[in-house]
Amino acid sequence: MDRLIIAVLVAANAALCLFSSSAGFAASAALSGSQLALYQGADRERILIEGAKREGRFTLYTSHTWFRTFVKEFEKKYPFITVSEWRNDSKNVLRKVMEEAKSGRILVDVVETTAEGMRIIQREGLFEEFYSPQAQHYPDELKPRGKNGFFYLPDRETYNSLGFNTKLIPPANAPASLKDLVDPNWKGKMAITSTSTGVRWIGNVLETLGREYLDKLAEQEISVQDMAPAALINLIGSGEIPMSPTIFDANVTIAKRKGAPVEWRPLEPVVATVGSAGVLTKASNPHAALLFLDFLLSREGQRLIMKGGLWSPRNDVGTVEQKFKKTYLDEKYSLEELEVKFRQWENLLRQLFIRKR
């Protein structure tokens with residue numbers, strides 16, 4: 001009799017487990033793509049994991065090299081998911097997404113790049129509004145909202161300010177503010193990049209100190225280099241150029257690891273460039289994609305981001321250490337307003353610093 005009771009109980013327990021598993025599958029399968037993206041139930045993580053196991057993969061387009069390492073860490077945590085990663089600069093990431101959308105065959109699930117590209121993709125209606133329990137830890141100004149969720153969320157920051165050669169300029173003597181750059185002592189000793197990074201820096205200076213200050217700065221015989229900050233820091237490290245106010249802190253971090261005598265200093269307000277991530281409306285692997293976004297935005301994920309020389313916009317991680325004042329130019333204006341201002345700033349760069357030479 002006891003054996004019979006035990007057998008019945010075992011069978012009942014097995015049936016209950018099967019029912020629970022089937023119920024979970026049914027619940028996940030019953031959700032549309034948009035419903036899944038916005039789902040906030042207590043079983044959300046379980047549903048995403050179960051769905052991700054069925055999908056087994058997702059595709060990521062990103063514009064930052066560190067995601068090669070980041071993806072490997074994600075795959076270690078979730079070994080049932082294989083990430084297909086394609087990396088290029090932000091313009092090419094945007095171009096690839098738009099070409100796929102135009103062809104009607106979107107291959108990417110998650111896009112991660114800087115503000116301009118993300119805002120254009122949003123404008124084209126290609127992002128699925130989604131929810132993440134991690135969103136509460138990020139500044140509201142960096143979280144574009146739709147009717148029901150977020151179009152994308154911030155996952156990394158880099159800061160653009162003063163990089164200098166410590167052998168040529170002792171840290172105690174280096175400029176400590178933007179106003180210090182017009183000191184006659186620095187005449188002929190500075191360079192700025194002509195890329196979009198330099199254009200944004202001009203815009204930040206204009207909005208902070210005005211046109212009169214820019215005119216004074218133009219008298220400092222500043223050279224304009226047609227190269228990215230990552231290349232410009234090499235000229236600073238070699239001593240060819242003593243300093244530049246258009247250098248990312250990550251560029252200096254990497255150069256210092258290689259033994260270059262360089263240092264970075266925030267001249268407030270510092271231009272902050274934000275990278276964000278979102279899921280596409282026609283994502284083929286939405287469970288895996290959403291699980292990746294939750295991990296990316298988590299405290300664990302953001303600490304991994306910071307290992308790559310980047311900073312976290314998450315309130316309880318990166319900003320705990322970065323106390324200086326920042327300017328979020330890309331988020332300050334609408335996309336249309338920013339396009340107009342960017343042209344104005346670019347013209348000022350040419351008129352004041354390139355043509356003058």
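The structure reproduced in this document is the subject of the present report. Worth saying up front: this structure is predicted, and the values here are computed from it rather than measured. (Residues numbered from 1 in each chain as written. Predicted model: local features only at pLDDT ≥ 70, side-chain atom pairs only at ≥ 80, totals over all residues. Heavy atoms only, no water.)

Considerations on the packing of helix α3 (residues 44-55) against helix α11 (residues 286-297)
How two helices sit against one another is set out by the angle between their axes and by the gap between those axes.
Link 1 in the chain: Two elements in contact, α3 and α11, have axes separated by 7 Å at closest approach and are oriented at 125 degrees. Viewed along their axes, α3 and α11 adopt a mutual orientation that is oblique. The interaxial crossing formed by α3 with α11 has left-handed handedness. Note on element contacts: α11 touches α3 through Pro286, His287, Ala288, Leu290, Leu291 and Asp294, opposite Arg44, Ile47, Leu48, Ile49, Gly51, Ala52, Arg54 and Glu55.
Link 2 in the chain: When the residues that make up the contact of α3 with α11 are grouped by side-chain class, the tally is eight nonpolar, two polar and four charged. (Axes fitted to C-alpha atoms, helices over the stretch in contact; angles between N-to-C directions. Helix = DSSP H or I, 4+ residues; strand = E, 2+ residues; numbered from the N terminus. Parallel < 35°, antiparallel > 145°, perpendicular 65-115°, else oblique. Left-handed = near helix turned anticlockwise from the far one by under 90°. Contact = heavy atoms within 4.5 Å. Nonpolar A, V, L, I, M, F, W, Y, C, P; charged D, E, K, R; others polar.)

A few points about the packing of helix α7 (residues 196-209) against helix α14 (residues 335-354)
Link 1 in the chain: Relative to each other, α7 and α14 sit at 95 degrees, their axes nearing to 9 Å. Comparing the axis directions of α7 and α14 gives the class roughly perpendicular. Between α7 and α14, the residues in contact are Ser196, Val199, Arg200, Ile202, Gly203, Leu206 and Glu207 and Lys341, Phe342, Trp345, Glu346, Leu348, Leu349 and Phe353, respectively.
Link 2 in the chain: For the contact of α7 with α14, the class distribution of residues is eight nonpolar, two polar and four charged.

A word on the environment of Asn315
Link 1 in the chain: Looking at the element boundaries, Asn315 is found in the loop between α12 (299-307) and β10 (326-327).
Link 2 in the chain: In this structure the C-alpha to C-alpha distance between Asn315 and His137, which are 178 residues apart in sequence, comes to 5.5 Å.

Some words on the pairing of strand β9 (residues 270-279)
Link 1 in the chain: Where burial is concerned, most of β9 is hidden: ten out of the ten residues are buried.
Link 2 in the chain: The alternating pattern of β9 places Val270, Ala272, Val274, Ser276 and Gly278 and Val271, Thr273, Gly275, Ala277 and Val279 on opposite faces, both of which are buried.
Link 3 in the chain: Of the strand pairs in this sheet, strand β3 (residues 110-114) and β9 are connected by five bridges, and their pairing is antiparallel. Note on β9: the bridge partner recorded for Thr114 is Gly275.
Link 4 in the chain: Pairing analysis gives seven bridges linking strand β4 (residues 153-165) to β9, with the strands arranged antiparallel. (Buried < 20%, exposed > 50% of the residue type's maximum accessible area, 1.4 Å probe, protein only. Pairing = 2+ DSSP bridges.)

A word on the pattern of salt bridges
Link 1 in the chain: As enumerated under the stated definition, the model contains 18 salt bridges in all.
Link 2 in the chain: Across the pair Arg44 and Asp294 runs a salt bridge whose closest N-O atoms are separated by 2.3 Å. Here Arg44 is found in helix α3, whereas its partner Asp294 is found in helix α11, with 250 residues between them in sequence.
Link 3 in the chain: Classification of Arg44 as buried rests on a relative accessible area of 6%.
Link 4 in the chain: Taking relative accessible area as the criterion, Asp294 reaches 12% and is therefore assigned buried.
Link 5 in the chain: Put simply, Arg314 and Asp316 hold a salt bridge, and the shortest N to O gap is 2.5 Å.
Link 6 in the chain: For Arg314, a relative accessible area of 3% corresponds to the buried category.
Link 7 in the chain: A cluster of three or more residues bridged by salt bridges with shared partners is formed by Asp43, Arg46 and Glu50. (Salt bridge = Lys/Arg side-chain N within 4 Å of Asp/Glu carboxyl O.)

Re the environment of Glu339
Link 1 in the chain: Along the chain, the position of Glu339 falls in helix α14.
Link 2 in the chain: Classification of Glu339 by relative accessible area gives partly exposed; the value is 32%.

Focus on the environment of Asp155
Link 1 in the chain: Within the fold, Asp155 resides in strand β4.
Link 2 in the chain: In the structure, Asp155 is positioned 147 residues away from Gln302 in sequence and 7.2 Å away in space, judged by C-alpha atoms.
Link 3 in the chain: If near-sequence neighbours (up to four positions away) are discounted, Asp155 is found in contact with Phe67, Glu112, Gly275, Ser276, Ala277, Leu296, Leu297, Gln302, Ile305 and Pro313.
Link 4 in the chain: For Asp155, the side chain forms a polar contact with the main-chain nitrogen of Ala277, separated by 3.4 Å. (Polar contact = N/O pair within 3.5 Å; in protein donor to acceptor, adjacent residues only side chain to side chain.)

A word on unusual backbone geometry
Link 1 in the chain: Of note, the bond from Glu268 into Pro269 is cis; its omega dihedral lies within 30 degrees of zero at -5 degrees.
Link 2 in the chain: Within the secondary structure layout, Pro269 lies in the loop between β8 (262-265) and β9.
Link 3 in the chain: Its identity as a non-glycine residue notwithstanding, Glu221 has a phi of 55 degrees, on the positive side.
Link 4 in the chain: The topology assignment puts Glu221 in the loop between α8 (211-218) and β6 (223-225).

Quick look at the pairing of β4
Link 1 in the chain: Within β4, 13 of the 13 residues are buried, leaving the element largely enclosed by the surrounding structure.
Link 2 in the chain: Judged from the four bridges that link them, β4 and strand β7 (residues 243-248) form a sheet pairing that is antiparallel. Counted as the bridge partner of Gly163 is Ser244 from β7.
Link 3 in the chain: By the bridge criterion, four bridges tie β4 to β8 in an arrangement that is antiparallel. Each bridged residue has a counterpart across the sheet, and for Asn165 the counterpart in β8 is Val262.

Re the side chain of Glu129
Link 1 in the chain: Structurally, Glu129 is set in the loop between α6 (115-123) and β4.
Link 2 in the chain: A distance of 3.1 Å separates a polar side-chain atom of Glu129 from the backbone nitrogen of Lys147.
Link 3 in the chain: Within the structure, the side chain of Glu129 is placed 3.0 Å from the backbone nitrogen of Gly149, a separation counted as a polar contact.
Link 4 in the chain: Excluding its chain neighbours within four sequence positions, the residues that come into contact with Glu129 are Ala37, Leu38, Gly146, Lys147, Asn148, Gly149, Phe150 and Phe151.

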